[in-house]
Amino acid sequence: MTTSLPKKIWIYFLLIVTSFLVFFPVMYAFLISFMTGPELLQGKFLPQSFSLDNYIKVFDRLPLLNYLLNSFIVSVSVMLGQLAVCSLAAYAFVFIQFKGRDFIFFLFISTMMIPWEATMIPNKFTIQKLDWLNTYQGLTLPFFALAFGTFLLRQHFKTIPKELHEASQIAGLSKFAFFRRVILPVSKTSLVTLGAYGFLTTWNMYLWPLLITTNKSVRTVQIGLKQLQSLETGTEWGVVMAGVIVVIIPTLLLLFLGQKQLQKGLTQGALK
Amino acid sequence: MTLLEKPGIWKRTANGRTALLYLLPSILLFSVFVFYPMFRTIYLSFFLTDQNGDAAIWVGFENYSYLLESTAFINSMKATGLFVLYTVPIGIILALFFALLANEKLRGIGFFRTVYSSTMGISVAASSVIWLFMFNPSMGMFNRLLSLLNLPQIQWLLDPQWALLSVSISTIWMNIGFSFLILLGGLQNIDEHLYESSRIDGAGYFYRLRRITLPMLSPTLFFIITISLINAFQSFGQIDILTQGGPSASTNLIVYSIYREAFINYQFGTASAQAVTLFIIILIVTILQFKLGERRVHYQ
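Residues numbered from 1 in each chain as written. Chains lettered and ligands numbered in written order. Predicted model: local features only at pLDDT ≥ 70, side-chain atom pairs only at ≥ 80, totals over all residues. Heavy atoms only, no water.

1. Points about the overall build of chain A
Move 1: Secondary structure summary: chain A contains 14 helices and zero strands in total.
Move 2: When its helices and strands are written in sequence order, chain A yields α-α-α-α-α-α-α-α-α-α-α-α-α-α.
Move 3: In terms of overall size, chain A is more extended than a compact globule, its C-alpha atoms giving a radius of gyration of 24 Å where 272 residues would be expected to give roughly 19 Å.
Move 4: Across its three principal axes, chain A shows a C-alpha extent of roughly 75 × 65 × 35 Å.
Move 5: For chain A, the accessible area works out to roughly 12,600 Å², and carbon and sulfur atoms hold 67% of it.
Move 6: Looking at charge distribution, chain A has the averaged site of its 22 positive side-chain charges lying 11 Å from that of its 10 negative ones. (Helix = DSSP H or I, 4+ residues; strand = E, 2+ residues; numbered from the N terminus. Rg over C-alpha atoms; globule rule 2.2 N^0.38 Å. Areas by Shrake-Rupley, 256 points an atom, 1.4 Å probe, with all protein chains shown as cover. Lys, Arg positive; Asp, Glu negative; His and termini not counted. Charge placed at Lys NZ, Arg CZ, Asp CG, Glu CD.)

Here it is as structure tokens:
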């Protein structure tokens, strides 16, 4: 099936115009991040030079390196925690026959109906009572269990032939050995999808770190952005945008590398 | 074989115990951070609370009747409803349009797919800061554009008439990446053969779109509509950075309102009543979607 030439030109035209519009805010932020105050006031569109002054300033203004490190630790912890907790649960749902499985499955589904924001008040007090304000565990532990992640992995585990399970039992592998040495290696793709999803959503989390961090010790970059913007005094938008660019680079890179994988994995988890 | 005993209860529940071991981390975490706080929120919504968020005086449904009479809360609900109406339909239509474009098999299409999905990689906080500058009355791009065209300037985020609309525009942009990615995945799952037979019949593009693509895409569309609705009700970050609920509370969306009531005014009772309202709204949306969806959606 070949597409006719006029139609092709028409599609390319639409693709180029719309993708330019979608990407415009990011390019705009990138260009602003190199501008000085006077340039901004003159309303220039392109900076005079691509000097890194604003980038140096933003690291001066905020403990940005510290925040980046915190975000990285928190995101990786949630990612690993979710992978461990969700894969264990998914394994039980697929490979173990037990009474009450449907009921527990229903409990898992019901957690998806409870918006996280509706429970944040008691959750904040729980963390406070555990004395976990300003700690990594306070930022990460509540997010380890994830119904969506469990379903995603369960979907994939279901496609693993049952014969493999029987063979492993005959070979005398324990349930846990089967899980660790057979199931996890053959499910690498879904684990990567869930991992990328977990990292991305945690890196971008805003409301929870806002509630749980009161000083810079474990504060994440997203809260750093809020601080930066409120410190903003008129003409230093270049510095603010430099901060924005630094913060979005890790997740943009992750998305560019894993876009195909993420798209396949998410649609699978969503629809089957 | 008559001697064969029924295995003891310990043995019969062996599988159950192992399963419990695997499920324990999830069950424990869900209990502490989902189920307990949900019941606790409902419980607190019937009380006046002290500074530590503990129940102090039982007031029954007074928190709720207070909310129903409070113009601030009614306004917040109205703003939330409008915000959902502004962001969800347009966001999905745009994402669908981009997904249809990006589903064409052309050279270099991968690049465009990456660009359309890029907003998914940009956090709400970062997006909001970028849009805050674009909306800036003197230096921002929008007003510069207006002055180039000799049009009157707009106080995007400071004018109560415009603020909610401005926040909605930026939110549509933030959500496009995710909706696009899901819809593109749905389009790519449609069986090619369906199109081939229709092409032989000489059916046009829009005929195929209406008769094949959209019906086959309906489960994905249904999914993304539900998720987008729920997400819209939960919006917080863009409000906190762009408007702080203002001007004159025109962008005081429900989650922001809960946040203020609880952590700025320390009124945990009324805040909990609002949280329960949010929970009920989302529950109704989900149930309605499933009821309507069952009838409309076409599964392969």
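2. Focus: the overall build of chain B
Move 1: Helix and strand counts for chain B stand at 13 helices and two strands.
Move 2: Along the three orthogonal principal directions, the C-alpha set of chain B runs to about 90 × 65 × 30 Å.
Move 3: Scored against the burial criterion, the 300 residues of chain B give a buried share of 55%.
Move 4: In chain B, once contacts between residues fewer than 6 apart in sequence are set aside, the share between residues at least 24 apart is 62%.
Move 5: Surface accessibility of chain B: about 14,800 Å² in total, with carbon and sulfur atoms responsible for 65%. (Buried < 20%, exposed > 50% of the residue type's maximum accessible area, 1.4 Å probe, protein only. Contact = heavy atoms within 4.5 Å.)

3. As for the packing of helix 4 (residues 64-95) of chain A against helix 13 (residues 221-231) of chain A
Residue and element names in this part refer to chain A.
Move 1: Axis separation between helix 4 and helix 13 bottoms out at 8 Å; the angle between their running directions is 145°. Mapping the contact onto sequence places Leu-64, Tyr-67, Leu-68 and Ser-71 in helix 4 and Val-221, Gly-224 and Gln-227 in helix 13.
Move 2: For the contact of helix 4 with helix 13, the class distribution of residues is four nonpolar, three polar and no charged. (Axes fitted to C-alpha atoms, helices over the stretch in contact; angles between N-to-C directions. Nonpolar A, V, L, I, M, F, W, Y, C, P; charged D, E, K, R; others polar.)

4. Here we look at the domain arrangement of chain A
All names here are of chain A.
Move 1: According to the domain assignment, chain A contains domain 1 (5-53) and domain 2 (54-271).
Move 2: Computed over C-alpha atoms, the centres of domain 1 and domain 2 are 32 Å apart.
Move 3: Across the boundary between the two partners, domain 1 contributes twelve residues, which contact eleven residues of domain 2.
Move 4: Surface buried jointly by domain 1 and domain 2 totals about 1,000 Å² across both partners, of which 70% is contributed by carbon and sulfur atoms.
Move 5: Area buried by domain 1 at its contact with domain 2 is led by Ser-33, Leu-52 and Asp-53, which between them contribute 43% of it.
Move 6: On inspection of domain 1 and its partner domain 2, the count reaches zero salt bridges.
Move 7: Connecting domain 1 to domain 2 are nine residue pairs in polar contact (both at pLDDT 80 or more).
Move 8: Taken together, the elements giving at least two residues each to the side of domain 1 that touches domain 2 come down to helix 1 (5-32) and helix 2 (37-42).
Move 9: Of the residues forming the side of domain 1 that touches domain 2, the biggest block, four residues, is contributed by helix 1.
Move 10: Looking at the side of domain 1 that touches domain 2 residue by residue, the class counts come to nine nonpolar, two polar and one charged. (Domains from an automatic or database assignment. Buried area = accessible area lost by both parts, 1.4 Å probe. Salt bridge = Lys/Arg side-chain N within 4 Å of Asp/Glu carboxyl O. Polar contact = N/O pair within 3.5 Å; in protein donor to acceptor, adjacent residues only side chain to side chain.)

5. Re the domain arrangement of chain B
Residue and element names in this part refer to chain B.
Move 1: Under the domain assignment, chain B is made up of domain 1 (9-58) and domain 2 (69-296).
Move 2: Measuring from the centre of the C-alpha atoms in domain 1 to the corresponding centre in domain 2 gives 33 Å.
Move 3: The interface is formed by ten residues belonging to domain 1 together with nine residues belonging to domain 2.
Move 4: Of the roughly 690 Å² buried at the junction of domain 1 and domain 2 (both faces included), carbon and sulfur atoms supply 73%.
Move 5: When residues of domain 1 are sorted by the area they lose upon contact with domain 2, Met-38, Ser-45 and Gln-51 head the list and together hold 47% of the total.
Move 6: The tally of links between domain 1 and domain 2 comes to zero salt bridges.
Move 7: Taken together, domain 1 and domain 2 are joined by one residue pair in polar contact (both at pLDDT 80 or more).
Move 8: Put simply, the parts of the chain that give the side of domain 1 that touches domain 2 at least two residues each are helix 2 (14-44) and strand 1 (47-49).
Move 9: Top element by residues in the side of domain 1 that touches domain 2 is helix 2. It accounts for four residues.
Move 10: Here the side of domain 1 that touches domain 2 is built from residues that sort into four nonpolar, five polar and one charged.

6. Examining the interface of chain A and chain B
Move 1: Chain A puts 87 residues into the contact, and the matching count from chain B is 91 residues.
Move 2: Of the roughly 8,100 Å² buried where chain A meets chain B, counting both sides, 78% is carbon and sulfur surface.
Move 3: Considering only the side of chain A, the residues that lose the most area to chain B are Val-22, Ile-121 and Gln-263 of chain A, jointly responsible for 8% of the buried surface there.
Move 4: Across the chain A-chain B interface, the total number found is two salt bridges.
Move 5: The partner of Lys-129 of chain A in a salt bridge is Asp-54 of chain B, with the nearest N and O atoms 3.7 Å apart.
Move 6: Taken together, the links from chain A to chain B amount to 16 residue pairs in polar contact (both at pLDDT 80 or more).
Move 7: Looking at the side of chain A that touches chain B, the element that brings in the most residues is helix 1 of chain A, giving 17 residues.
Move 8: Taken together, the residues of the side of chain A that touches chain B sort by class into 62 nonpolar, 18 polar and seven charged.

7. Points about the pairing of strand 2 (residues 55-58) of chain B
All names here are of chain B.
Move 1: Examined bridge by bridge, strand 1 and strand 2 share three bridges and lie antiparallel to one another. Note on strand 2: the bridge partner recorded for Phe-47 is Trp-58.
Move 2: Counted between consecutive antiparallel strands, the loop separating strand 1 from strand 2 contains five residues, among which Gly-53 sits at a positive phi close to 75°. (Pairing = 2+ DSSP bridges.)

8. Overview of the pattern of salt bridges
Move 1: Per the stated rule, a full pass over the model turns up five salt bridges over all chains.
Move 2: Between Lys-226 of chain A and Asp-240 of chain B there is a salt bridge, with the nearest N and O atoms lying 2.8 Å from each other. A residue pair is termed interchain when its members come from two chains, as with Lys-226 of chain A in helix 13 and Asp-240 of chain B in helix 11 (residues 237-242).
Move 3: The partner of Lys-105 of chain B in a salt bridge is Glu-192 of chain B, and the shortest N-O contact between them spans 3.7 Å. With Lys-105 of chain B in the loop between helix 4 (71-102) and helix 5 (109-117) and Glu-192 of chain B in helix 9 (residues 192-200), this pair connects stretches of sequence that are 87 residues apart.

9. Structural notes on the side chain of Ser-272 of chain B
All names here are of chain B.
Move 1: Along the chain, Ser-272 falls in helix 13 (residues 268-296).
Move 2: Its relative accessible area of 0% is what places Ser-272 among the buried residues.
Move 3: Within the structure, the side chain of Ser-272 is placed 2.7 Å from the backbone oxygen of Phe-268, a separation counted as a polar contact.

10. A few points about a nonpolar patch on the surface
Move 1: A surface patch of nonpolar side chains, about 550 Å² in accessible area, is lined by Trp-10, Phe-13, Val-17, Phe-20 and Leu-21 of chain A.
Move 2: Looking at the secondary structure, you find Phe-13 of chain A in helix 1. (Patch = residues over 30% accessible without salt bridge, like charges linked within 9 Å, V, L, I, M, F, W, Y side chains within 5 Å.)

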